[in-house]
Amino acid sequence: SLKGFFWGNWGIFGDTIYFLEAISDSTSRHAALIKAFDLSTRKVRTLLPIDRLPARWDTGLAVSPDGRELIFAQLDRSGSDLFLLDGWHW
């Protein structure tokens with residue numbers, strides 16, 4: 001099953017559901033796996049390990065209409081900016 005924070009990281013092409021799965025093993029050098037679930041055979045196979053965390057709490061995986069390409073959002077850097085508006089009036 002998909003972890004709560006990966007809720008939007010899945011896509012369908014034909015009879016296959018593609019999804020991201022987090023790796024919980026702290027000794028792994030990978031953060032997640034791209035997997036495929038075949039609806040006809042009901043088997044899951046691993047397609048590719050991902051070194052960085054995929055985007056969490058948002059949709060981030062899609063399969064092209066012809067099923068030849070798969071894209072996903074990856075978190076490379078996280079941060080915030082604060083701005084002070086001094087002397088600004090309505």
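Preceding block: the structure.
We now turn to the structure provided with this report. (Residues numbered from 1 in each chain as written. Predicted model: local features only at pLDDT ≥ 70, side-chain atom pairs only at ≥ 80, totals over all residues. Heavy atoms only, no water.)

1. Some words on the overall build of the protein
Put simply, the test is: Working definition: helices are DSSP H or I runs of at least four residues, strands are E runs of at least two. Numbering for both runs from the N terminus. When accessible area is computed with a 1.4 Å probe and restricted to protein chains, residues below 20% of their type maximum are described as buried, those above 50% as exposed, and intermediate ones as partly exposed. The contact criterion used is simple: two residues touch if any of their non-hydrogen atoms lie within 4.5 Å. Computed by Shrake-Rupley with a 1.4 Å probe, the accessible areas treat only the displayed protein chains as cover when residues are assessed.
Broken down by element type, the protein carries zero helices and six strands. By the burial criterion, 27% of the 90 residues in the protein qualify as buried. In the protein, once contacts between residues fewer than 6 apart in sequence are set aside, the share between residues at least 24 apart is 32%. A total accessible area of about 7,200 Å² is found for the protein, and carbon and sulfur atoms account for 53% of it.

2. Remarks on the pairing of strand 3 (residues 32–38)
Look at any regular strand and the pattern is simple: side chains alternate between the two faces of the sheet. The following threshold applies: Strands pair, by our definition, only if DSSP identifies at least two bridges between them.
Extensive coverage of strand 3 is indicated by the burial of six of its seven residues. Sheet topology places strand 2 (residues 16–22) next to strand 3; seven bridges connect them, and they run antiparallel. Each residue of the ladder has a partner; that of Thr16, found in strand 3, is Asp38. As paired elements, strand 3 and strand 4 (residues 43–50) share seven bridges and run antiparallel to each other.

3. What about the environment of Thr59?
Mapped onto the secondary structure, Thr59 falls in the loop between strand 4 and strand 5 (61–63). Along the backbone, Thr59 and Ala73 are 14 residues apart, and their C-alpha atoms lie at a distance of 8.2 Å.

4. Regarding the pattern of salt bridges
To be explicit about the condition: A pair is scored as a salt bridge if a Lys or Arg side-chain nitrogen falls within 4 Å of a carboxyl oxygen belonging to Asp or Glu.
Under the definition given, this model contains one salt bridge. Of the charged contacts in the structure, one is a salt bridge between Glu21 and Lys35, with a shortest N-O distance of 3.1 Å. One end of the pair, Glu21, is in strand 2; the other, Lys35, is in strand 3, with 14 residues separating them in the sequence. Judged by relative accessible area, which is 28%, Glu21 ranks as partly exposed.

5. Points about the nonpolar core
Quick note on the threshold: What we call a nonpolar core is a set of buried Ala, Val, Leu, Ile, Met, Phe, Trp, Tyr and Cys residues that are connected through their side-chain atoms within 4.5 Å.
By size, the foremost hydrophobic cluster in this structure holds eight residues: Tyr18, Leu20, Ala32, Ile34, Ala36, Ile50, Leu61 and Val63. Of all the secondary-structure elements, those providing two or more residues to this core are strand 2, strand 3 and strand 5. A total of three residues in this core trace back to one element, the largest contributor, which is strand 3. Once residues within four sequence positions are removed from consideration, Ala36 is found in contact with Thr16, Ile17, Tyr18, Phe19, Lys43, Val44, Arg45 and Leu47.

6. Quick word on unusual backbone geometry
Glycine aside, residues mostly have negative phi angles, and peptide bonds mostly take the trans form. If you check the backbone angles, Arg42 has positive phi at about 60° while not being a glycine. A residue is classified by how much of its surface remains accessible, and Arg42, at 63% relative accessible area, is exposed.

7. A closer look at the environment of Glu69
Tracing the sequence through the fold places Glu69 in the loop between strand 5 and strand 6 (70–72). Ignoring anything within four residues of it in the chain, the contact list for Glu69 reads Ala62, Val63 and Ser64.

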